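Structural overview
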Amino acid sequence: MLNFKCIDDLRDFFVKAFPQAKLAEDFTISTEKCPPGMNGDITLNCFRLAKPLKSSPDKIAGAAVEMLNSHEDVAQAEKVKAFVNVTLTAAAIHRSSLGDIDALLNAVVLPETKRKKIVIEYSAPNTNKPQHLGHVRNNTLGMSLAALLARVGHDVKPINLVNDRGIHICKSMLAYQRLGNGITPENSGIKGDHLVGKFYVKYNNLLNEELTELKKAKPELADKSNEDLFLETELGQATQKMLQDWENNDPAVRELWLKMNKWVFAGFDETYRRMGIKFDHTYLESNTYLLGKDLISQGVDNGIFTPRADGAIIAELGKLGEKVVLRSDGTSVYITQDIGTTLKKYEDYQPDEQIWVVGDEQIFHFKVLFAILKKMGYDWADNLFHLAYGMVNLPSGKMKSREGTVVDADDLFENMVELAKKSTLERCGEDIPEDIDERSEIIGMGALKFMLLKFNPKTTMMFDPEASVKFEGDTGPYVQYACARISSIERKAAAQGIKLTDNLDWSLADSEAEKSLSATAFLYPQVLQLAAERKDCSVLVNYLLDLAKAFNRFYRECPVLISENSAAVRDIRLAICHRVRMVLADGLKTLTIGIPKAM
RNA sequence: GCCCCGGUAGCUCAGAGGAUAGAGCACUUGACUUCUAAUCAAGCUGUCACAGGUUCGAAUCCUGUCCGGGGUACCA
């Protein structure tokens, strides 16, 4: 939507010119970028207006052309079928977009009445293994969405809910108990979460060995699944026992649990630090896992939940079927905890909205959760949102922890940063910058986050570790590079004593490249708001690529400091550079991506 | 079986009813004594899965079919 002043004026003109239409207050018209090859900057589609204006597209276009051609901001308006292609004056374009850069950047922020307090939960790792690429996608989506929502004015509370207890946690504990030999992160130099992960893998190996032997000894069990046979194995029984001991507060088990979890948390802290993640609060499942149970019994008293013949407590949810909310032995299931934690989060924050960043395989689970909360009578249950994102696949297929086909988060970070460093060094030649490591970190991590955010969250995306992440084309470094080029111009200008000035004659920036760059910048607030509305950072990512592309074209065609520009032209172009950099920087920051001082 | 999501260029993906369907990668070619070549310019590439329907107009909305993924637990 490129609605410059002349289009607002055109709207007012329509209201008068088509009185028979009885236009509503909120009647709007909007224009878009003129397609390449057409003569004009923006284009108005009059087919769309036929209905609201109660007139023919052709007549509307005719009237629009006449009006626009007499408008001071319009250089030329041309009717092509029922489209009106408008060439604007350079001054009109620049004044509306880059003319007041503070206004442009502030136009993003929602009016106070539309701002909300939003709790966003993401990451939610298990403490039995290190994080992998799937978590990295989750983390990136979560932190960037939180930043985006905050950018448009919401009060955002990012929180984490760590799954730090349960049978899977006992598995790595048990393997450590049997095979650990006192190894620690300190005495081995292995990052805590990775060390614990190794024992999780060892556990699965031990279990598989035992299952194989069991099936060999008892051929009649061959058809049974490994899950069914879990409690037939010695290892399975020991694990079950450990979980029970944990729940009964057995001191030795609790001590081991605390020790190993501490290692994992230290490892996660490092992973989060590198990504730039900070949570407002981290909930631990070990503290929250019993939360929902009381609510269920209250619900039974109130007739919201009903006991089934077999003793389980169920919620009857119509189309969604019935859902067990408490097992027949009185213990809680996954959704019991979720009911409890959702309420706890509500009590802790009193948010207007809650968001969960969780994989799309849990879409049904969240539908059920929201329906149950609604049934329990919480009117705020209408404002719960599951941001369901697709899985990350490798060229070889799905990532599977057990098969060792996961891409480890920390390894991935290291590779990206190394790659960035290597290519920075190649570019620098002998002149190695002092801050090479800092730069590589920003470029490598930026490239990774940008790549993950470029896809629409719900798409199941493909990640090719061989091709790794490119630093050329539609990438984070492409946008960072545009900023670096501008910074370089600004440094040189400053060195020559040239100062930014507000005394600008915008009509001097009348090339196609300049107009198009400015028109693209004009879209920034709308893009941010659309991205926030859709909860989709890829909208912003693709926009920043457009803007950087428009800048690079400008960079080639419109020299700023060199050539025999007049001082006035130079000042205009320098101002354009500076202001475009502000938009690019604001956009990258909103995606939680940094900008290196130079590249 | 039922439910949800997807199928667009060789590959990875954009395209929220509008003109001639795009971008990046890959491939071909040209541009660095130039404000940074992580760049730019040009070229090549399509049965928008298929079949109907709605519409002045459909990749986009509706119906059906085929293919792929996910879900459909007293797992998380």
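Residues numbered from 1 in each chain as written. Chains lettered and ligands numbered in written order. Predicted model: local features only at pLDDT ≥ 70, side-chain atom pairs only at ≥ 80, totals over all residues. Heavy atoms only, no water.

Focus: the nonpolar core
- Core analysis: the largest hydrophobic core is formed by 155 residues, its most contacted members being F14, V84 and F463.
- By residue number, the principal contributor to this core is helix α22 (residues 538-557), which donates 11 residues.
- Sequence-distant contacts of F463, defined by excluding residues within four places in its chain, comprise L133, V392, N393, L394, P395, V407, L412, M451 and V469.
- Residues I296, L343, V358 and I372 belong to the second largest nonpolar core, which totals 25 residues. (Core = buried A, V, L, I, M, F, W, Y, C linked by side-chain atoms within 4.5 Å. Buried < 20%, exposed > 50% of the residue type's maximum accessible area, 1.4 Å probe, protein only. Helix = DSSP H or I, 4+ residues; strand = E, 2+ residues; numbered from the N terminus. Contact = heavy atoms within 4.5 Å.)

Digging into the protein's contact with RNA strand B
- Taken together, 56 residues surround RNA strand B, and among them T43, K398, R427, R534 and R556 come closest.
- Atoms of RNA strand B within 4 Å of the protein belong to the sugar or the phosphate in 61% of instances, the rest to bases.
- Here N552 contributes a side-chain N or O atom positioned 3.4 Å from a sugar or linking oxygen of RNA strand B.
- Within the backbone of V560, one N or O atom sits 2.9 Å away from a base nitrogen of RNA strand B. (Near = heavy atom within 4 Å. Polar contact = N/O pair within 3.5 Å; in protein donor to acceptor, adjacent residues only side chain to side chain.)

Considerations on the sheet that holds strand β4 (residues 83-88)
- One open sheet accounts for 4 strands, arranged β1-β2-β4-β3; its pairing is antiparallel. Looking at which strands have only one partner, the edges of the open sheet turn out to be β1 (31-33) and β3 (74-80). With direction set aside, neighbouring strand axes in the sheet form an average angle of 30°.
- With 3 bridges joining them, β1 and strand β2 (residues 42-45) adopt antiparallel strand pairing. Looking across to β2, one finds that K33 is bridged to I42.
- Packed on one face of the sheet, helix α3 (residues 57-69) meets β2, β3 and β4 and runs near 165° to β3. (Pairing = 2+ DSSP bridges. Axes fitted to C-alpha atoms, helices over the stretch in contact; angles between N-to-C directions.)

Notes on the domain arrangement of chain A
- You can read the domains of chain A as domain 1 (5-88), domain 2 (166-276) and domain 3 (467-590).
- Between domain 1 and domain 2, the C-alpha centre-to-centre distance is 68 Å. (Domains from an automatic or database assignment.)

Remarks on the pairing of strand β9 (residues 313-316)
- In terms of strand pairing, strand β8 (residues 306-307) meets β9 through 2 bridges, oriented antiparallel. Counted as the bridge partner of T306 is I314 from β9.
- Bridge count between β9 and strand β10 (residues 322-326): 4 bridges; the pairing is antiparallel. Paired with A315 across the strands is K323, a residue of β10.
- Where β9 folds back on β10, the antiparallel hairpin that results is connected by 5 residues, among which G318 adopts a positive phi of roughly 60°.

Quick word on helix α21 (residues 524-534)
- Inspection of α21 places Y524, P525, V527, L528, A531 and A532 among the buried residues, and these make up the whole buried set. Looking straight down α21, one finds that the buried residues subtend no more than 165° of arc, so they occupy a single side. Turned more than 90 degrees away from the buried face of α21 sit E533 and R534, all of them exposed.
- Remark: K535 follows α21 within two positions and exhibits a positive phi of approximately 55°. (Arc of directions from axis to C-beta.)

Observations concerning unusual backbone geometry
- In this model, K54 sits at a positive phi of 50°, which is unusual for a non-glycine residue.
- Located in the positive-phi region is A124, a residue other than glycine, with phi close to 40°.
- Within the secondary structure, A124 is located in the loop between β5 (117-121) and α6 (133-151).

A look at empty space enclosed by the protein
- According to the stated counting rule, one finds 1 cavity of 30 Å³ or more in the structure shown.
- Within this model, the largest cavity holds a volume of roughly 30 Å³.
- If you go around the largest cavity, the residues you meet are Y346, P351, D352, E353, Q354, W380, N383 and L384.
- In the lining of the largest cavity, the residues fall into 4 nonpolar, 2 polar and 2 charged. (1 Å grid on protein atoms, 1.4 Å probe; cavity = no way out; pocket = protein on both sides within 12 Å on 5 of 7 lines; lining within 4 Å. Points joined across faces, edges and corners; volume = space filled by probe spheres on them. Nonpolar A, V, L, I, M, F, W, Y, C, P; charged D, E, K, R; others polar.)

Here we look at the environment of V162
- Structurally, V162 can be placed in strand β6 (residues 155-162).
- The spatial distance from the C-alpha of V162 to the C-alpha of A147 is 21 Å, given a sequence separation of 15 residues.
- Setting aside anything within four residues of it in sequence, one finds V162 in contact with P125, T127, F265, T282, Y283, L284 and E285.

Remarks on the pattern of salt bridges
- Inspection of every chain in the model, using the stated rule, returns 32 salt bridges.
- Between K345 and E121 there is a salt bridge, and its shortest N-O distance comes to 2.7 Å. Separated by 224 residues along the polypeptide, K345 in helix α15 (residues 334-349) and E121 in strand β5 bring together distant segments of the chain. We note that K345, like E121, is buried.
- Here the salt bridges share partners, and the residues they tie into one network are K116, E353 and K535. (Salt bridge = Lys/Arg side-chain N within 4 Å of Asp/Glu carboxyl O.)

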